[in-house]
Amino acid sequence: VTRRPGESNLPECVAPTFPTSSKQTVMVWGCIAHGRKGPLVRLDLPRSQQKSAGSRTLGSRGGLDAQGYVEQILEGPLLAFYTQMQDLTGKRMLVVEDGAPAH
């Protein structure tokens, strides 16, 4: 953005981030351990939970439910990364989650 002092809110200096008609939501999950990055996973949300053009249709709290979390994260990429890190470090790993509703 290039503008002079005092021009920050002029319409010709402001551009919308997303056109309203094409706004999409992408939900991802990732993890880190011992200075290593785990996989970044694009979550597959049920069709009824995806945002569509400006209207919120993600349900009461939005996003992934517990069953989806188990299937898409715990039984797949987290388990693989957890096992890999235990083998690499020779230590037992502890999983700490951030308190999102699906956990």
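A quick note: this is a predicted structure, and the numbers were derived from the prediction, not measured.

Caption draft 1: Just the packing of helix 1 (residues 66-74) against helix 2 (residues 77-89), in detail. Across the interface, helix 1 lies against helix 2 with an axial gap of 5 Å and an inter-helix angle of 45°. Our classification of the angle between helix 1 and helix 2 gives oblique. Two secondary-structure elements touch here, helix 1 through Gln72, Ile73 and Leu74 and helix 2 through Pro77, Leu78 and Leu79. Classifying every residue of the contact of helix 1 with helix 2 by side-chain character gives 5 nonpolar, 1 polar and no charged.

Caption draft 2: Spotlight on unusual backbone geometry. Its identity as a non-glycine residue notwithstanding, His34 has a phi of 45°, on the positive side. Mapped onto the elements, His34 comes out in the loop between strand 2 (32-33) and strand 3 (36-37).

Caption draft 3: Just the nonpolar core, in detail. Trp29, Leu43 and Ile73 are the most contacted members of the largest nonpolar core, which totals 13 residues. Sorting elements by how many residues they give to this core places helix 2 first, with 3 residues. Setting aside residues no more than four positions away along its own chain, Leu43 makes contact with Met27, Val28, Trp29, Leu64, Gln72 and Ile73.

Caption draft 4: Here's a closer look at the pattern of salt bridges. Tallying each qualifying case throughout the model produces 1 salt bridge. Between Glu7 and Arg4 there is a salt bridge, and its shortest N-O distance comes to 3.2 Å. Classification of Arg4 as exposed rests on a relative accessible area of 61%.

Caption draft 5: Fine view of helix 2. End to end, helix 2 covers 18 Å across 13 residues, agreeing with the expected 18 Å (1.5 Å per residue, within 8%). Within helix 2, the full set of buried residues consists of Pro77, Leu78, Phe81 and Met85. Buried residues of helix 2 fall within an arc of 90° about the axis and therefore sit on the same side. At the C-terminal side of helix 2, Gly90 shows a positive phi close to 75°.

Caption draft 6: Spotlight on the confidence of the model for the chain. Chain-level pLDDT for the chain is 79 on average; 75% of the residues reach the 70-or-more range. Note that residues 49-60 has pLDDT below 50 and, in this model, 23 contacts with residues that lie over four places away or in other chains.

Caption draft 7: Geometry of the environment of Gly68. Mapped onto the elements of the fold, Gly68 is located in helix 1. On the basis of relative accessible area, Gly68 is assigned to the buried category, the value being 9%. Sequence-wise, Gly68 and Leu45 are 23 residues apart; in three dimensions their C-alpha atoms are separated by 8.0 Å.

Caption draft 8: Looking closely at helix 1. By the burial criterion, the buried members of helix 1 are Gly68, Tyr69 and Ile73. Viewed end-on, helix 1 has its buried residues packed into an arc of 100°, placing them on one side of the element. Contacts from the buried residues of helix 1 go to strand 1 (28-29), strand 4 (41-42) and helix 2.

Reading the values: rules and limits
- Residues numbered from 1 in each chain as written.
- Predicted model: local features only at pLDDT ≥ 70, side-chain atom pairs only at ≥ 80, totals over all residues.
- Heavy atoms only, no water.
- Axes fitted to C-alpha atoms, helices over the stretch in contact; angles between N-to-C directions.
- Helix = DSSP H or I, 4+ residues; strand = E, 2+ residues; numbered from the N terminus.
- Parallel < 35°, antiparallel > 145°, perpendicular 65-115°, else oblique.
- Contact = heavy atoms within 4.5 Å.
- Nonpolar A, V, L, I, M, F, W, Y, C, P; charged D, E, K, R; others polar.
- Core = buried A, V, L, I, M, F, W, Y, C linked by side-chain atoms within 4.5 Å.
- Buried < 20%, exposed > 50% of the residue type's maximum accessible area, 1.4 Å probe, protein only.
- Salt bridge = Lys/Arg side-chain N within 4 Å of Asp/Glu carboxyl O.
- Expected span 1.5 Å × (residues − 1).
- Arc of directions from axis to C-beta.
- pLDDT = per-residue confidence, 0-100.

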